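One-letter residues, chain by chain:
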Amino acid sequence: MNPMTMTLDDCRALDRADPLRDLRALFTLPEGVIYLDGNSLGVMPAAAPARIAEVVSQEWGTGLIRSWNTARWIDLPQRLGNKLARLIGAAPDEVMCTDSTSINLYKVLFAAMSQVIDSDDATRRTVVSERSNFPTDLYIAESLCRERGFTLKLVDSVDALPAALTPEVAVLMLTHVNYRTGAMHDMAAVTAAAHAVGALTVWDLAHSAGAVPVTLNESNADFAIGCGYKYLNGGPGAPAFVWVNTRHASRFEQPLSGWFGHAAPFEFTPHYRPAPGVARYLCGTQPIISLSALECGLDTLLAAEPFNADFGPMAALRTKSLALTDAFIAVVEARCPGRFTLVTPRDHARRGSQVCLSMADAAEAQGNAAYAIVQALIARGVIGDFRAGDAQTPHILRFGFTPLYLSFEDVWNSVEHLVQVMEKEEWKRPEFNQKNAVT
Ligand SMILES: *Cc1c(COP(=O)(O)O)cnc(C)c1O
C-alpha cells in the first residue's frame, strides 16, 4: 500500500493481520481514550488491581512480617530484574529493580567515576553527555562532578560526540532514546567509540526498556539504568532498574551502601561488606506493593515472547512499533500537509517508539500552538503530551506508541482528531492555552 494514500480500511486490514492484536486485552484502557503517552506513564495492566489487592490483604494483612520469607518479598528486586533482563539484552542476575532512575543514576555514575579515580589517571576527569539529555540526568551528573572534582561537558548534537571523546573523558553518559525527539543512539558503535579512548559508558534506558530492542551485553556497555513506569507499565512512581556489566559489578562499593546491599544484612554487623554482583546496588528496604505492580507490567511485555521465540519479546514488539510510527507519520503528512515538521528520525535504525512533531510555521513553533493542540487533543480523548523547547529548539507535540495495546485504527483515529483540531482551530480556544502544573 502507498503510505501517502493510506485509508481507514487499510488500517483495519493491518489490524486484522497484526499477530499482537489480542495483547490489548492485557490492559484496562478507559473507554473513548486513545493513549499515546505510554512513554510517560504506561497503561494499567488488567492483572494489577487484583494482584495489588492480594499483596495488601493477604501478604501484608495476613502474612505480615512472615511474608518476607513466605511470599519471597526479599527476592523481588532480583526476580523482576531477571524478567527485565530478557528485554534489555542482559543475563540473569545482572539486573535489580529498585529505587528511582535518578537514584540509580547516582549510584552507577559514582561507581564509574570511582573506577577511573582508582586507576590513578589524574588527567581523566571529564564526564560527557548531551545538552538535550533529560534534565534529572544532567542535574545528578552536575552534582557528582562538583563533589568529585570532575568537569561535565555537554555536546549540542550527536555529530559533535566523536570530537568530544578525548583521552580526558572518564565517562560517557547518554540516554539511549532521547525523551524529546525520539532519536536513538547506536549503542554498540557509541560504546566502542567511548572504549577506544578509555572511557566508560553509562546508558539511561528510560525510553528504551520495553520500547526498543536493547543489547547491553552484546554492545559491551558498562552501566545502565532505566525507568519502570514508562514502557514497562509498572504504575506511577514504579521502581526503576539498574544493570552493571559483570566485569564491573563486584569491583565497586556503590555510594548508597545501605543494608539491603550488604552481603549478609541479617547478621547486623557494624561494618559494610557488599553483596557479590549487582545485588550491592540495593540500598534500603524495598517498596513491596510497588514492586508487585511492576511485575504485572513486566509480564505484559513478556506476553509478546511467543510471537518471536528466537529473538525474544522485543523483536515482535519492535516490528509493530515501527509499523505504527511509520503509519502515524504517513497519515499526518498526508492529511495535515505543511502544518507540522517531523522531529523524530525517519530512519528506523535511529527511531525510538515515539513520534514528535513541531509546528512548521516559525512563529507557531516558538509560540503556544504545540501546547494548545495537545490540550485540545486530550479534550477529545487523544492523550499525548507537550515538551517545551527553548530559544534553539522548537516546542514539541510528543506521541508515544506502545505496540502492546495500540492498533492501526487508533493511529488513524488520532490523526482524524488532529485534523479536526486544526481545521476547526479548536486549539485557539482560551481553555487550551492555560498551562497546567504537569505537562
Ligand atoms: C523519565 C526519565 C527519568 C525519570 O527519572 P525519575 O527518577 O523516575 O524521576 C530519568 N531519565 C530519563 C532519561 C527519563 O526519560
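None of the values given here were measured: they were computed from a predicted structure.

## Details of the domain arrangement of the chain
Split into domains, the chain comes out as domain 1 (3–31 + 314–433) and domain 2 (50–302). A C-alpha centroid distance of 30 Å is found between domain 1 and domain 2. Listed by partner, the interface residues are 29 residues for domain 1 and 19 residues for domain 2. For the pair domain 1 and domain 2, the summed buried area comes to about 1800 Å², and 57% of that belongs to carbon and sulfur atoms.

## Examining the side chain of Glu364
Summarising the element assignment, Glu364 is placed in helix α12 (residues 362–366). Ignoring anything within four residues of it in the chain, the contact list for Glu364 reads Arg339, Met359, Ala369 and Trp427.

## Notes on the sheet that holds strand β6 (residues 200–204)
Across the sheet, which stays open at both edges, the seven strands sit in the order β2-β8-β7-β6-β5-β3-β4 with mixed pairing between neighbours. The sheet terminates laterally at β2 (95–97) and β4 (151–155), the two strands that pair on one side only. Here the average twist between neighbouring strands, direction ignored, is 15°. When strand β7 (residues 223–226) meets strand β8 (residues 241–244), the two strands line up antiparallel, connected through four bridges.

## Regarding the pairing of β7
A two-sided burial pattern is seen for β7, the buried positions comprising Phe223 and Ile225 on one face and Ala224 and Gly226 on the other. Where β6 and β7 come together, three bridges link them in parallel fashion. Within the sheet, the bridge partner assigned to Asp204 lies in β7 and is Ile225.

## Points about helix α10 (residues 288–302)
A rise of 1.5 Å per residue sets the reference length of α10, with its 15 residues, at 21 Å; its end C-alpha atoms lie 21 Å apart and thus fit the reference within 8%. Among the 15 residues that make up α10, twelve are buried, leaving the element largely enclosed by the rest of the structure. Ile288, Leu291, Ser292, Ala293, Leu294, Glu295, Cys296, Gly297, Leu298, Thr300, Leu301 and Leu302 are the residues of α10 that are buried.

## Examining the site of the ligand
Surrounding the ligand, one finds Ser100, Thr101, Ser102, Phe134, Thr136, Asp137, Thr175, Asp204, Ala206, His207, Tyr229 and Lys230. Here a nitrogen atom of the ligand and a side-chain polar atom of Asp137 are 2.8 Å apart. Take His207: an N or O atom from its side chain is 2.9 Å from an oxygen atom of the ligand. Relative to its free-state accessible area of 390 Å², the ligand is covered by the protein chains to the extent of 86%.

## Observations concerning a nonpolar patch on the surface
Among the surface-exposed residues, Val56, Trp60, Leu64, Ile65 and Ile289 lie close enough to one another that they form a single nonpolar patch of about 490 Å² accessible area. If you trace the backbone, Ile289 turns up in helix α10.

## A closer look at the pairing of β8
The side chains of a regular strand alternate, residue by residue, between the two faces of the sheet. Every second residue of β8 is oriented toward a common face, with Phe241 and Trp243 on one face and Val242 and Val244 on the other, all of them buried. Bridging between β2 and β8 involves three bridges; their strand directions are antiparallel. Looking at β8, one finds that Val95 is bridged to Trp243.

## Digging into the packing of helix α2 (residues 48–60) against α10
Put simply, α2 and α10 touch, their axes get as near as 9 Å, and they point 145° apart. The chirality of how α2 crosses α10 is right-handed. Only Ile288, Ile289, Ser292, Ala293 and Cys296 of α10 make contact with α2, whose side of the interface consists of Ala48, Arg51, Ile52, Val55, Val56 and Trp60. Taken together, the residues that form the contact of α2 with α10 break down as nine nonpolar, one polar and one charged.

## A short note on the sheet that holds strand β9 (residues 340–342)
Ordered by their spatial adjacency, four strands build an open sheet running β9-β10-β13-β12, and the pairing between neighbours is antiparallel. Two strands close off the open sheet at either side, each with one partner strand: β9 and β12 (385–387). The mean angle between the axes of side-by-side strands here comes to 35°, regardless of whether they run parallel or antiparallel. With three bridges connecting them, β9 and strand β10 (residues 354–359) associate as antiparallel partners. Its bridge partner being in β10, Thr341 is matched across the sheet by Ser358. Taken strand by strand, helix α11 (residues 313–335) contacts β9, β10 and β13 (396–400), and its axis lies near 25° from that of β10.

## Quick word on the state of the cysteines
Inspection of the entire model under this criterion finds zero disulfides. Of the cysteine sulfurs around Cys227, a residue in no disulfide, the closest is that of Cys97, at 11 Å. Residue Cys296 stays outside any disulfide, its sulfur separated by 13 Å from that of Cys97, the closest cysteine. Judged by its relative accessible area of 8%, Cys296 is buried.

## Regarding the environment of Leu109
Among the secondary structure elements, Leu109 is positioned in helix α5 (residues 101–118). In this structure Leu109 comes out as buried when scored by relative accessible area, which is 0%. Along the sequence, Leu109 and Val127 sit 18 residues apart, while their C-alpha atoms lie 9.3 Å from each other. Those residues in contact with Leu109 that lie beyond four places of it in its chain are Val127, Ala141, Leu144, Val171, Met173 and Val202.

## A word on helix α4 (residues 76–88)
The first and last C-alpha atoms of α4 sit 18 Å apart over 13 residues, in line with the 18 Å expected at 1.5 Å per residue. Along α4, the largest kink reaches about 30° and is centred on Asn82. Within α4 the residues assigned to the buried category are Leu76, Pro77, Leu80, Gly81, Lys83, Leu84, Ala85, Leu87 and Ile88. The inward-facing, buried residues of α4 contact β2, β8, α10 and α11. With its phi angle positive at about 70°, Gly89 sits one or two positions after the end of α4.

Reading guide: rules and limits
- Residues numbered from 1 in each chain as written.
- Predicted model: local features only at pLDDT ≥ 70, side-chain atom pairs only at ≥ 80, totals over all residues.
- Heavy atoms only, no water.
- Domains from an automatic or database assignment.
- Contact = heavy atoms within 4.5 Å.
- Buried area = accessible area lost by both parts, 1.4 Å probe.
- Helix = DSSP H or I, 4+ residues; strand = E, 2+ residues; numbered from the N terminus.
- Pairing = 2+ DSSP bridges.
- Axes fitted to C-alpha atoms, helices over the stretch in contact; angles between N-to-C directions.
- Buried < 20%, exposed > 50% of the residue type's maximum accessible area, 1.4 Å probe, protein only.
- Expected span 1.5 Å × (residues − 1).
- Near = heavy atom within 4 Å.
- Polar contact = N/O pair within 3.5 Å; in protein donor to acceptor, adjacent residues only side chain to side chain.
- Areas by Shrake-Rupley, 256 points an atom, 1.4 Å probe, with all protein chains shown as cover.
- Patch = residues over 30% accessible without salt bridge, like charges linked within 9 Å, V, L, I, M, F, W, Y side chains within 5 Å.
- Salt bridge = Lys/Arg side-chain N within 4 Å of Asp/Glu carboxyl O.
- Left-handed = near helix turned anticlockwise from the far one by under 90°.
- Nonpolar A, V, L, I, M, F, W, Y, C, P; charged D, E, K, R; others polar.
- Disulfide = S-S within 2.5 Å.
- Bend = angle between axes of the 7 residues up to and from the residue.

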